[in-house]
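Remarks on the overall topology
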There are 2 protein chains.
Amino acid sequence: MSTKLNIKNNEVGVFAIGGLGEIGKNTYGIQYQDEIILIDAGIKFPEDDLLGVDYVIPDYSFIVDNIDRIKGLFITHGHEDHIGGIPFLLKQANIPIYAGPLSLALIRGKLEEHGLLRDATLYEINENSVIKFRKTSISFFNTTHSIPEPLGVVVQTPPGKIVATGDFKFDFTPVGKPADLHRMAQLGDEGVLLLLSDSTNAEIPTFSHSEKVVGQSILKIFEKIEGRIIFASFASNIFRLQQAVEAAVKTGRKVVVFGRSMEKAIVNGLELGYIKAPKGTFIEPHEVNQYPGHEMLIMCTGSQGEPMAALSRIANGMHRQVTLQPGDTVVFSSNAIPGNTHGVNQLINSISEAGAKVIYGKMNNIHTSGHGGQQEQKLMLRLIKPKYFMPVHGEYRMLKIHAGLAQDTGVPKENCFIMENGDVLALTKDTARPAGHFNAQDTYVDGSGIGDIGNAVLRDRHELSDDGVVLAVATVDFKSKLILAGPDLLSRGFIYMRGSGDLIRSSQRVLFNAIRKALNAENSNESTVAKAMTDALRPFLYKETERNPIIIPMVLTPDEEK
Amino acid sequence: MSTKLNIKNNEVGVFAIGGLGEIGKNTYGIQYQDEIILIDAGIKFPEDDLLGVDYVIPDYSFIVDNIDRIKGLFITHGHEDHIGGIPFLLKQANIPIYAGPLSLALIRGKLEEHGLLRDATLYEINENSVIKFRKTSISFFNTTHSIPEPLGVVVQTPPGKIVATGDFKFDFTPVGKPADLHRMAQLGDEGVLLLLSDSTNAEIPTFSHSEKVVGQSILKIFEKIEGRIIFASFASNIFRLQQAVEAAVKTGRKVVVFGRSMEKAIVNGLELGYIKAPKGTFIEPHEVNQYPGHEMLIMCTGSQGEPMAALSRIANGMHRQVTLQPGDTVVFSSNAIPGNTHGVNQLINSISEAGAKVIYGKMNNIHTSGHGGQQEQKLMLRLIKPKYFMPVHGEYRMLKIHAGLAQDTGVPKENCFIMENGDVLALTKDTARPAGHFNAQDTYVDGSGIGDIGNAVLRDRHELSDDGVVLAVATVDFKSKLILAGPDLLSRGFIYMRGSGDLIRSSQRVLFNAIRKALNAENSNESTVAKAMTDALRPFLYKETERNPIIIPMVLTPDEEK
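Bear in mind the structure is a predicted one, so any value in this text is a computation, not a measurement.

A few points about the UniProt feature "binding site: Zn(2+) 2" (unreviewed entry) in chain A
Residues and elements named next belong to chain A. Residues annotated in UniProt with the feature "binding site: Zn(2+) 2" (unreviewed entry) correspond here to His79. Tracing the sequence through the fold places His79 in the loop between strand 5 (70–74) and helix 2 (80–83). When residues no more than four places from it in sequence are discounted, the contact partners of His79 are Gly84, His145, Ser146, Ile147 and Ser236.

Here you go:
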């Protein structure tokens, strides 16, 4: 059973496979007749309640089902929530990818890791590229964001232009290229049918700070620090890294880099010319202790408190080259992403306890968001002047607020569509209508498995994490109605059963009686005995401990054949 | 082996059993010779990594060991992190408790639940009380906080006065009684040996808003809302509840209350005179649908996104009396405590998706903290002018910043002591010295068990929550070296093994070979066979799935006697 959009020949269908009702796994699609344009293919990092899940990706069935129509995947920028899904997608559907130089370098790295690089079709684009298919054509415009080369995408279709902003802020003094306000204004003048715009900071009423302001703060802070500086930030924000390197050069410091993603980012940044530094600025990890403190800048990963990242290892005395010492100053050029707050706070405590100074928080203008607030979202709406509006890249409440902003700037309420992943919006040049829904659920990636974790497994993990597991085993003979071995009990994550001999013995007694009774019942079999064991043990353990561990009964029979 | 403080006869010892290096389980002690004064006995809510733990309390061994010296437990205010430990403490050491009327009402409720009320010795105090023992005497002063009757505590000892602020802010237009600035100033003039002061908001440079400002915002917001209002806040902030009730009365609304802690708070507030409302203001839950929307205020628990609280049930369509409808407005008069951010955001999404409006966030002056920021902490330091300073009630980084503030206000650096739970500070009238440490670790309360959960059990719960559990069982006969039943496999929280018949069969093969080999080895026994099973299965499962479930091997023998 294959999925097709339920749209008419004169309609363009617009949909998200991921990215609506969530921050993450952005994957948008635009179909006109037999041509489908995809924009971005991201992953989402799992929330805490997805125990043990590594990433969340979309269900790519729609793409697989429509592989013949897919003209290409166009990448707005190189963040994980926009490119992280590419290896998983390409395993299922090898489609051509169009991306800017930095995004392409990051994608190549991913594909190489997954052994997919050789067979991938990759095209380098820039803001001036125009990619023409038979019925649709794709062009681009520069925006500003927390990674170089963010592109807005314009999909020209017969019913009209569809513009996807990608992630953006309006930074009028950016470190990289400026946003192309004139192109946006021109698009607005020519007429845009539909705008898909970034809703991330729809709850923030203010205008975001410029990246250059952060750079100035970094320099001011570096100038005041006398000892070593340990600088943690998001590795993907190459502008930030560049500004830290520049501040190091200006204050006479060598730079050493720790953490794989930071090292990669610096290498990419140097190769693509985003990071510039005089020869001899960067030193090797093993040289870090050859320079006095006031001549060292240590740049590292781990600003989110990730326990295995360089900064956590440095703070906890588990790093090979760097040990924290009084006189060191750790600078967090980042904010804690919700969900990481506790980890970051603990990390700041550890650093502080080790005697180092810590500079963090909003106070010092040491970080700025890559996403524009309400003022910037309204500026985009005013420039593009879309007939129809679809807020994307946000949880429901953000989409809702963003739709309100669109109405404030003159988009009629009935022309704003708050949609879910898999919802289809069908547009002609004068009309827009919801046109059904296809399946676009979450797929969990866990270890090497994709999609073999579901709600039942996650529910079990939750219960296991609450009260642990108790395992009850007995070998029985259904002919003689005898218990040949056991019942035995083992537990994990429950309580210290070793210290509770009484509890074990009384549980065994409870089980023994339950098994005997079940064996002697009519039509007894493995599952009736197993059920009797659980039914007897669960209330007993709850009464004794007020806990509800998962109980796994296991009934073995000696003559059983496998 | 009993714990005693290592202090001299002319020294007063000051220590925390809980409350240092953490937000929670505040329990402080002051000992002079054979008299020990305790201040507060709180619980801490567990962080996410304490899987399944309900509360954290201090290890009360010190109190039990020194029961003969304890003169009483003095309560600063009725929040859980100051009174929640009382039932657990009283089970181990029945000591007299001194508290204000509201705190006492809350404590009585707790003791009743635990069947401890009959034997408890409770004394009601107020800001004018003076409790005299042979060598020490205790007096109090009013402060302002987010619950009525917050008291600062002054312990007069022969070496000097020790002042504990309790939780405080400086609210110059409070809803309840004003802070007694003059008494604080007088204490400062008379001379204070040591100040223990609240560090919660040491990272916040600003002066906190007044509770009255919040009340004005609530009224303004209520005046603009045309439909039903659903108002969620912290139940313990009786001032906030009172201001919401007042705004309801002023805008012609009836009030209905949902959620056990909110109902209790309203009852306590009415009884003690903190909440006042004309007769007929409060209606019964079953009457909620008898009034038009613009005449209803629904007050409920669940502002932290707690899944079982009234607001979550309302948002998810699982509440008996209230179903969300377009036209409803939900007001969050609260902030999300770190760790709850995700849950609160999900709740806002649900409410928004149900078509109701949501008012939340800092934008509307709809919430204020109960703890003073840096300016207020400095004001306290300036008023009390202590010779020595011990920041309390905070994680390490907060204590550190607070100590810095003390130095900014003139306390010499060497007179500031950042301590840990169990550390002892010994003071004479002119000296202060660290005087050793006693054991004051965390104790986990989980179900009915206290202290029967430790790191090994928690580590197991973590591993279980990551990749689940796989259980492998076989019945073997060590005499004949035969496998009589099994090997069998069962899993929970691992992957869908039902769909992986191949994985089960090949795992059984791996186990079978490992067991046979182990059985045939010299001196084989249950534990060598079990170890062989784990050693064979773990790498096999990792190779096949890149997951590391907990493996529980179980070896049964038919002739075994239990």
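This is not the end of the story, as more comes after the structure.
A few points about the packing of aromatic side chains
As enumerated under the stated definition, the model contains 28 aromatic pairs over all chains in all. Where Tyr55 of chain B meets Phe88 of chain B, the ring centres are 6.1 Å apart and the plane angle is 55 degrees; that geometry is what we call tilted. One end of the pair, Tyr55 of chain B, is in strand 4 (residues 55–58); the other, Phe88 of chain B, is in helix 3 (residues 86–92), with 33 residues separating them in the sequence. The partly exposed category is assigned to Tyr55 of chain B, whose relative accessible area is 32%. For Phe88 of chain B, a relative accessible area of 8% corresponds to the buried category. Among the aromatic side chains, those forming a connected cluster through ring pairs are Phe74, Tyr98, Tyr123, Phe133 and Phe140 of chain A.

Considering the domain arrangement of chain A
Here chain A is described as being made up of domain 1 (12–206 + 369–446), domain 2 (211–364) and domain 3 (455–556). A straight line from the C-alpha centre of domain 1 of chain A to that of domain 3 of chain A covers 52 Å.

Quick word on a negative patch on the surface
On the surface, a cluster of negative charge is made up of Asp54 of chain A together with Glu463, Asp466 and Glu546 of chain B. Inspection of the secondary structure assignment puts Asp466 of chain B in helix 13 (residues 455–467).

Description of the pattern of salt bridges
Residues and elements named next belong to chain B. Inspection of the entire model under this criterion finds 38 salt bridges over all chains. The partner of Arg433 in a salt bridge is Glu11, and the shortest N-O contact between them spans 2.8 Å. Residue Arg433 is located in strand 20 (residues 432–437), and its partner Glu11 is located in the segment before strand 1 (12–18); the two are separated by 422 residues in the primary sequence. Residue classification places Glu11 among the buried residues on the basis of a relative accessible area of 3%. Note that Glu203 is salt-bridged to Arg397, the shortest N-O span being 2.8 Å. Placement of the pair is Glu203 in the loop between strand 12 (192–198) and helix 6 (211–224) and Arg397 in helix 12 (residues 396–408), with a sequence separation of 194 residues.

Conventions we followed
Residues numbered from 1 in each chain as written. Chains lettered and ligands numbered in written order. Predicted model: local features only at pLDDT ≥ 70, side-chain atom pairs only at ≥ 80, totals over all residues. Heavy atoms only, no water. UniProt positions renumbered as here; feature names shortened; annotations may be inferred. Helix = DSSP H or I, 4+ residues; strand = E, 2+ residues; numbered from the N terminus. Contact = heavy atoms within 4.5 Å. Phe/Tyr/Trp six-rings, centres within 6.5 Å; stacked < 30°, edge-to-face > 60°. Buried < 20%, exposed > 50% of the residue type's maximum accessible area, 1.4 Å probe, protein only. Domains from an automatic or database assignment. Patch = residues over 30% accessible without salt bridge, like charges linked within 9 Å, V, L, I, M, F, W, Y side chains within 5 Å. Areas by Shrake-Rupley, 256 points an atom, 1.4 Å probe, with all protein chains shown as cover. Salt bridge = Lys/Arg side-chain N within 4 Å of Asp/Glu carboxyl O. Lys, Arg positive; Asp, Glu negative; His and termini not counted. Charge placed at Lys NZ, Arg CZ, Asp CG, Glu CD.

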